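Each chain, letter by letter, is given below.
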Amino acid sequence: NAQKSTGPTTEEGKRRSALNACRHGLTGQVVVLPEEDQEAFDAFMLANVATFEVANVMEQQLAQSYVHYQWRINRAAAIEENMFTLGNIKDLAGNLQLEDPRVHNAMCNAKAFHGDGQTFNRLTMYAQRLVNQADRILRQLKALQAERRQREQREMSEAAKIYKAHR
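Residues numbered from 1 in each chain as written. Predicted model: local features only at pLDDT ≥ 70, side-chain atom pairs only at ≥ 80, totals over all residues. Heavy atoms only, no water.

1. Considerations on the packing of aromatic side chains
And then number 1: Overall, the coordinates contain five aromatic pairs when judged by the stated rule.
And then number 2: Centroid distance F113 to F120: 5.0 Å. Interplanar angle 50 degrees. Geometry classified as tilted.
And then number 3: Clustering of aromatic rings is evident, with ring pairs tying together F41, F44 and W71. (Phe/Tyr/Trp six-rings, centres within 6.5 Å; stacked < 30°, edge-to-face > 60°.)

2. Points about the nonpolar core
Soluble globular proteins tend to pack their nonpolar side chains together in the buried interior.
And then number 1: In this structure, F52 and Y66 are the most contacted members of the largest nonpolar core, which totals 17 residues.
And then number 2: Counting residues per element, the ones that place at least two in this core are α2 (38–50), α3 (57–89) and α5 (117–166).
And then number 3: Ranked by residue count, the leading element in this core is α3, at seven residues.
And then number 4: Leaving out residues up to four positions away in the same chain, Y66 has contacts with F52, A134, I137 and L138. (Core = buried A, V, L, I, M, F, W, Y, C linked by side-chain atoms within 4.5 Å. Buried < 20%, exposed > 50% of the residue type's maximum accessible area, 1.4 Å probe, protein only. Helix = DSSP H or I, 4+ residues; strand = E, 2+ residues; numbered from the N terminus. Contact = heavy atoms within 4.5 Å.)

3. Thoughts on a nonpolar patch on the surface
And then number 1: Residues L96, L98, V103 and M107 make up a contiguous nonpolar surface patch of roughly 280 Å² in combined accessible area.
And then number 2: On the basis of relative accessibility, which here comes to 32%, the residue L98 falls in the partly exposed class. (Patch = residues over 30% accessible without salt bridge, like charges linked within 9 Å, V, L, I, M, F, W, Y side chains within 5 Å. Areas by Shrake-Rupley, 256 points an atom, 1.4 Å probe, with all protein chains shown as cover. Salt bridge = Lys/Arg side-chain N within 4 Å of Asp/Glu carboxyl O.)

4. Points about the packing of α2 against α3
And then number 1: Between α2 and α3, the least distance of the axes is 9 Å, while the angle of their chain directions is 130 degrees. The angle between α2 and α3 falls in the class oblique. Every pair of crossing elements has a handedness; the one defined by α2 and α3 is right-handed. Two secondary-structure elements touch here, α2 through A40, F41, F44, M45, N48 and V49 and α3 through Q60, A63, Q64, V67, H68, Q70, W71 and N74.
And then number 2: Looking at side-chain class alone, the contact of α2 with α3 contains eight nonpolar, six polar and no charged residues. (Axes fitted to C-alpha atoms, helices over the stretch in contact; angles between N-to-C directions. Parallel < 35°, antiparallel > 145°, perpendicular 65-115°, else oblique. Left-handed = near helix turned anticlockwise from the far one by under 90°. Nonpolar A, V, L, I, M, F, W, Y, C, P; charged D, E, K, R; others polar.)

Below, the structure written as structure tokens:
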């Protein structure tokens, strides 16, 4: 039977099966997954990098790396929210017959977490690694920018002295 299978034949089926190996995208090299919006990522990148007021290529690279990690951290948070939402969609607390919808949602979330705690733990571990990397990059960027500003200040002071001496 497996030898007779030719795989998906429609374009949609081929696109969907191309994603079979991708589970969450938190550890991969690709920043924007196929189901994500490239335009949203580009806008996120431009807006965030602009806040760093980069002055050279190295600062630009560090700022972009930091924003890439922030995008992936946001993805991890979205995955966690989606896991809880799936618990509500599956109505995991349905047999508890709770009247208050807030309590019902809370119990669905608790049952989703309880039923798939290992996945939540793994997600938390990935997210923490991303946060640590982002923090390391941010410290590098800030140190580089502080060094640049000190150098510029020294150069400006020297230029002022030369200007005064010349006058």
